[in-house]
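Okay, here's what each chain looks like letter by letter:
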Amino acid sequence: MSPSPLDGDFSSLFNFLPIGAYRASPSGQMLRANQALVRLNGYASEAEMLEGVKDVAREWYVEPERRAQFQQQLERDGYVRGFISEIHRYKTRERVWISENAHGVRDASGELLYYEGTVEDITDRVNDQKALRESEEQLRGITSQIPGMVFSVFVRPDGQREYRFVSSGVRDIYGLEPEDLMRDPTLVARYRHPDDLQLLEQDLEHIRKGPIDLGGEFRIVLPDGRVKWVYRRSYAVSASQEGTLRVGVLLDITARKEAEAALHANEALWRLALEGAGDGVWDWDLRTGEEFFSRSIKAMFGYDEDDIAHFAVEMDARTHPDDVAQMRADRQAHFEMRTPTYRNEHRVRCKDGSWKWVLTRGTVIVRDENGTPLRMVGTHTDITEHKQAEALHRALEAQLRESQKMEAIGTLAGGVAHDFNNLLAAILGNLVLAREDVGENHPAQESLMEISRAAIRARQLVQQILTFSRRQTQEMLRQPLTPLVEEALGLMRSLLPAGVKLVARLPAAGLLVLADATQVQQVLMNLCTNAWQAIENQAGEITVALREVRLDASQGLQLGGLSGGAYACLSVADNGPGMDEDTQRRIFEPFFTTKAPGAGTGLGLAVVHGIVKAHRGAIDVHSRVGEGARFDVYLPLADGAQDAGEPRVDPVDRVRPATPVALPGKHVVYIDDYEALVFLVGRLLRKQGYRTSTFESGEAALAWLREHPREPVDLVVSDQNMPGMSGVEVAREMLALRPGLRVAIVSGHVNDRLQAEAAEAGVSDVMGKQDSMDALGEAIRELLERTG
């Protein structure tokens, strides 16, 4: 049938429209179609499409009832607008989402002549909306596993609040539903303890002055009268004239507060039990200032009997300057009867110039009629060894907490990064296919390239997170460390800014270690980059040193539990501004940075920490404000560490095979619970010439296999971690149906346990997650080649 002409001068506009346009007869026969609609349906020309499409009503919609709904609306209103449906491309039968607009054209007598309408491909928009919903659900799932209430709140200049996200933890603290608080933001303020309302006003005043981090503890009173203690931490993520967006967390600390109260009560009993005991006794006449010191007190500090006069000022003059203020405050509190006894720990200078810690306890035993203290007696106890042990214990506890925290953060980061990797794989794979689909000279190529660059940068960031969490695949080889350091320094010298001098102090010996060369070089590059950024564009010096050290058991314990023995110590030092103790405590936390917003990710040192831990080593930092910083990395030496002549095998230097060609005609079954990845892999394999059957669950794949017992299958590739049946379970059931079938398992975390379970089930191959669709295609081709 030849195309009918369009009325007037709209023929060029009809074909120029960027979205599809058509004219169809009342019976459903396509009369005209513009070029956009022709392309949408996979045809080369309008004539070909008109010849191929016989019945619009029967061949268009995925859900046939949508045609009836479309016609009912058209007949009722005379037009249809924004009618969204999933349809089949006429020629290729691929499924896409569209938005339709249409109206009926009638003659002067009102008789219906034909329908006219437009068709817009909104598949990307529908997929984006679905991805957004899945992302929001993922956020809710993650925050539901975090104790306490996670929230996002917008605070306007007048103090009005609007909660934009509230996690389910609000139920445990306030007994409220997240929707209740998002509907009425004033609910939680009504729960504030009356004595703590002033703190709320202070917080609002701080927020009005500008972005600020807030933290603190306060009480709430529940409707049943119970009082809870809550810890709050929040910070500003953005600010404008309209207000400030803040995110934070509330934690229920009632149990901790009750434990602290019980501890204080027990401490009071403990003090009473120890009153009057000690190594030395003193008796102080507060009216004259005279104070008797027993001989044991003077001997405690190495003084002879005549070295110290019996006056209180004599002992006070020997008290450490940093301890005087607190000592006097504790005395005054007891004098004013605010405390039942006087108790203080401070340092006293000994005769030889050293310092000793003492615990002094005393009680006023005489007061005048006005309550003014006249005489106080008490004891001194040498607690120097106790203080030293306490300091060591605190340091070890801090190291243990830090290690546990970093391990927990690493586990969480690795899990989140794994999910992001799947999302990015789908994005990058679809980008490749989209660029091929639109053609080399299409205007969208530039935008697609920018999306590709951003996605690749995101994938690099995910790789850093995986390295931090120690999930990145390592290639541990026995190799000398010195050449690795020299190679990294050669690259570093070309990257250093002007004015920064790089000094290397490397030994002649190679210092053999068991290490991943790429990751060790990344450690050095990250540390050097951190050093020159700390110098802040000023003249400075970075010193890189490598030496062999021997650690005893005590030193190894202080470095996080290393075993005693021989280690290679790689040091990176700078003469920059240095760091305070608070910064040093947080320096290895992921996303913690002292740089300006946008100037860094906060992952550099976290990645270093993860790599070093994965190499069974440790990292230590030494710094003071104004004195620069030095990072020491300890890696255990391998056997025969003095032998520097052993060549290093660099996996980068291995010859990589050329990209192989697919094996057309082979039938591949692919299973993965991530819908976007299933769709993408299916398209990829079909474009490479494979017959492909894809499924989003192992159960669906098994049902298909049972229904098609004679359908030849050359290879089954299944994801391991899926809801319902795992990859190993799917393989076991398939092999029961078809003995000898080649089944491969894909997992983001391949370990010995998975390998053993897969082998027991009869799985042919266990593969790690590929970095790209090309890598997946190559892996599938290699597996098919081995099937012969």
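Refer to the structure above for everything that follows.
Heads up: these notes are all about the structure in this document.

The rules behind the values
- Residues numbered from 1 in each chain as written.
- Predicted model: local features only at pLDDT ≥ 70, side-chain atom pairs only at ≥ 80, totals over all residues.
- Heavy atoms only, no water.
- Helix = DSSP H or I, 4+ residues; strand = E, 2+ residues; numbered from the N terminus.
- Buried < 20%, exposed > 50% of the residue type's maximum accessible area, 1.4 Å probe, protein only.
- Contact = heavy atoms within 4.5 Å.
- Areas by Shrake-Rupley, 256 points an atom, 1.4 Å probe, with all protein chains shown as cover.
- Expected span 1.5 Å × (residues − 1).
- Pairing = 2+ DSSP bridges.
- Axes fitted to C-alpha atoms, helices over the stretch in contact; angles between N-to-C directions.
- Salt bridge = Lys/Arg side-chain N within 4 Å of Asp/Glu carboxyl O.

Regarding the overall build of the chain
Then step 1. Looking only at helices and strands, the chain features 26 helices and 27 strands.
Then step 2. Evaluated residue by residue, the chain yields a buried proportion of 41% over its 788 residues.
Then step 3. Within the chain, counting contacts between residues at least 6 apart in sequence, those at least 24 apart form 59% of the total.
Then step 4. For the chain, the accessible area works out to roughly 42500 Å², and carbon and sulfur atoms hold 52% of it.

What about helix α14 (residues 321-335)?
Then step 1. The terminal C-alpha atoms of α14 lie 22 Å apart, and with 15 residues this matches the ideal 21 Å at 1.5 Å per residue to within 8%.
Then step 2. One or two positions beyond α14, positive phi appears at M337, with a value near 60 degrees.

As for the sheet that holds strand β2 (residues 30-33)
Then step 1. The strand order across the open sheet formed by five strands is β2-β1-β5-β4-β3, and the pairing between neighbours is antiparallel. The open sheet terminates on both sides in strands that have one partner only, identified here as β2 and β3 (79-88). Within the sheet, the average angular offset between the axes of one strand and its neighbour, ignoring direction, is 25 degrees.
Then step 2. Here strand β4 (residues 95-106) pairs with strand β5 (residues 112-121) via nine bridges, running antiparallel. Within the sheet, the bridge partner assigned to N101 lies in β5 and is T118.
Then step 3. In the packing of helix α5 (residues 65-77) onto the sheet, the strands contacted are β1 (20-24), β3, β4 and β5, and the crossing angle to β3 comes to about 170 degrees.

Considerations on the pattern of salt bridges
Then step 1. Under the defined criterion, the tally for this structure stands at 42 salt bridges.
Then step 2. Between R32 and E46 there is a salt bridge, and its shortest N-O distance comes to 2.4 Å. In this pair, R32 sits in strand β2 while E46 sits in helix α3 (residues 46-52), placing the two residues 14 residues apart along the sequence. A single burial state applies to R32 and to E46, both of which are buried.
Then step 3. Residues joined in a network through salt bridges with shared partners are R343, E345, K387 and E390.

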